[in-house]
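Here is how the chains run, residue by residue.
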Amino acid sequence: KYTVTAITPATAPEGGGGDKTSYPGLTKEVQTGVDADNNPIWDEATSAAAGSSVTFKLESNVPDDLLNYINAETPDDPTIEDSDIEMYAEGDRGSYILTFHDQMDDAFELDPESFVVKIGDTELALEDEYTVAYNVTHDKDSICDFEIAVDLVNLYASGAIDDADISGATPITVTYSATLKDGTTGGTYDNTSWVTYPGDETAKDTASVYVFDLKIFKYDQATATTDAETGKWTATGLKGAEFALYG
């Protein structure tokens, strides 16, 4: 029996790893407006009207456990030490697939041309650096409207991710837009997301969009009365009245 010492990646960043290993996280937010410099403002919830477009953001990060999946360029020969064999299994190294999963309320219609995927401030290219799959079924209770996958090892090899991104947990973001369908009634509409990565997944996070009901009562002012004792106000509505509201 022998022990084979695992090969250490040759490109470990200074200060990376340490005693605590970082893994991908996930937050989901919705745009509520823009600031004075026209930068988007993000929050957990916003309000919108039927027919309007809403922009969402998913944010994860470059984890330093990525180091365990980066192949060494010039690995050292394994060394024999004692009795048990310990080594990485086939397929454990060489790719690190991080996947964003998104489930939208049926009130939304996705704009597939709106995806922007970034590592920090660098935008990634569709197909070359990330892929999108639509209407992915995992089981009868879990159908994702879309999934976006990035291979962090490939991005490291191409230079889209570097050692500073690994040690600094650089954000990985996905933004996209969806339209509230015409005729959407008042209520709360949730969009839920999570991230999977080798061997695990994050907790789910939700961003909510509120649609408010606006009730209009058009009445004949001559019929409006207030009861002197109860203070109750009454009036007779105009039969067959038609009107339009403009924002």
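Every chain begins its residue count from 1, and numbering advances along the sequence as written. Reporting of local features is limited, given that this is a predicted model, to residues whose pLDDT is at least 70; pairs of side-chain atoms are given and counted only at 80 or more, and all residues count toward the totals for whole chains, interfaces and linings. Each side-chain value is worked out from all heavy atoms of the structure, with water and hydrogens disregarded.

(A) Geometry of the packing of aromatic side chains. Here a pair means two rings of Phe, Tyr or Trp (six-membered ring of Trp) with centres within 6.5 Å. Their orientation is stacked below 30 degrees between planes, edge-to-face above 60, and tilted elsewhere. This model, assessed by the stated rule, comprises 7 aromatic pairs. Ring centres of tyrosine 23 and tyrosine 197 lie 6.2 Å apart, and the angle between their planes is 25 degrees; on these two criteria the pair is classed as stacked. Placement of the pair is tyrosine 23 in the segment before β1 (27–34) and tyrosine 197 in strand β12 (residues 187–197), with a sequence separation of 174 residues. Partly exposed residues are those whose accessible area sits between 20% and 50% of the maximum for their type, while under 20% is buried and over 50% is exposed, using a 1.4 Å probe and protein chains only. You can call tyrosine 197 buried: its relative accessible area is 11%. Look at phenylalanine 56 and tyrosine 176: their rings are 5.4 Å apart centre to centre, the planes differ by 25 degrees, and that puts the pair in the stacked class. Of this pair, phenylalanine 56 sits in strand β4 (residues 53–61) while tyrosine 176 is found in strand β11 (residues 171–180), placing the two residues 120 residues apart along the sequence. Accessibility classification places phenylalanine 56 together with tyrosine 176 in one group, the buried group. Here the aromatic residues Phe56, Phe108, Phe115, Phe146 and Tyr176 are joined through ring pairs into a cluster of three or more. A run of H or I in DSSP becomes a helix once it reaches four residues, and a run of E becomes a strand once it reaches two; helices and strands are each numbered from the N terminus.

(B) Layout of the side chain of threonine 170. With respect to the secondary-structure elements, threonine 170 resides in the loop between α2 (163–168) and β11. Of the residues examined, threonine 170 reaches a relative accessible area of 14% and is grouped as buried. A distance of 2.7 Å separates a polar atom in the side chain of threonine 170 from a polar atom in the side chain of aspartate 165. Throughout, a residue-residue contact means that at least one pair of heavy atoms, one from each residue, lies within 4.5 Å. When near neighbours in sequence (up to four residues on either side) are disregarded, threonine 170 contacts Asn61, Val62, Ile119, Gly120, Ala164 and Asp165. The definition of a polar contact used here is a pair of N or O atoms within 3.5 Å, where within protein one atom must be able to donate a hydrogen and the other to accept one, and adjacent residues in sequence count solely through side-chain atom pairs.

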